[in-house]
Amino acid sequence: MSDIEHLRSLIRTIPDFPQEGIIFRDIFPVFQDPKAIEMLVSHIVNHINVTIKEKIDVIVGLDARGFLFGPMVALRLNAAFVPSRKKGKLPGKTICAEFKKEYGVDTFEMQVDAIKPGQNVIIVDDLIATGGTAAAAGQLVEKSGGKLLEYIFLIELVDLNGV
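Residues numbered from 1 in each chain as written. Predicted model: local features only at pLDDT ≥ 70, side-chain atom pairs only at ≥ 80, totals over all residues. Heavy atoms only, no water.

A word on the nonpolar core
Consideration 1: The biggest cluster of nonpolar side chains holds 22 residues, and the ones touching the most others in it are I48, I56, I59, V73, L77 and I122.
Consideration 2: Of all the secondary-structure elements, those providing two or more residues to this core are α1 (3-10), α2 (34-51), α3 (66-76) and β7 (120-128).
Consideration 3: Looking at which element gives the most residues to this core, the answer is α2, with eight residues.
Consideration 4: Filtering out sequence-adjacent residues up to four positions away, L77 remains in contact with V45, I48, N49, K55, I56 and I59.
Consideration 5: One finds V58, L62, V82 and V121 within the second-largest nonpolar core, a separate group that totals 17 residues. (Core = buried A, V, L, I, M, F, W, Y, C linked by side-chain atoms within 4.5 Å. Buried < 20%, exposed > 50% of the residue type's maximum accessible area, 1.4 Å probe, protein only. Helix = DSSP H or I, 4+ residues; strand = E, 2+ residues; numbered from the N terminus. Contact = heavy atoms within 4.5 Å.)

What follows is the structure, given as structure tokens:
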């Protein structure tokens, strides 16, 4: 079994969570297998090193599962890690962006000084559904003056046409 096949085999599908009609993709079993998390982080870092020529200054992880592997990717790239969190979860001054999700509306925040103007940024998360959270995080990077180079997701829900 290839690394990718092994990772796919660990992701569970849970129907009707967090509400009826939603199909949840559970990545937590990946984190119960140390070899799998190593595979995951290595594949992401290799993808970045092969496809992006600029030095990466910041990895932005989206609340909350982007926090699980984003810091590991940042560490391997000698980059900073910056969380993009739901409203009210970060101390100090923040900037915010509102977004629609597949089952509601929410707001993301980032600390105002977390990304410096001109820094090269990659946004990571476990899953892209409609693209709302990713777009909001991208707006926060732009408001900070960062240069967004790429979004990286582990799973894409293609039926929801994420942006």
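Here we look at the pairing of strand β4 (residues 80-86)
Consideration 1: Pairing of strand β3 (residues 58-62) with β4 involves five bridges; the strand directions are parallel. Across the sheet, residue I59 finds its bridge partner in β4, namely F81.
Consideration 2: With α3 bridging β3 and the parallel β4, this β-α-β connection has right-handed handedness.
Consideration 3: Pairing of β4 with strand β6 (residues 104-111) involves two bridges; the strand directions are antiparallel. Of the residues in β6, the one forming a bridge with R85 is E109. (Pairing = 2+ DSSP bridges. Right-handed = clockwise from strand over helix to strand, strands pointing away.)

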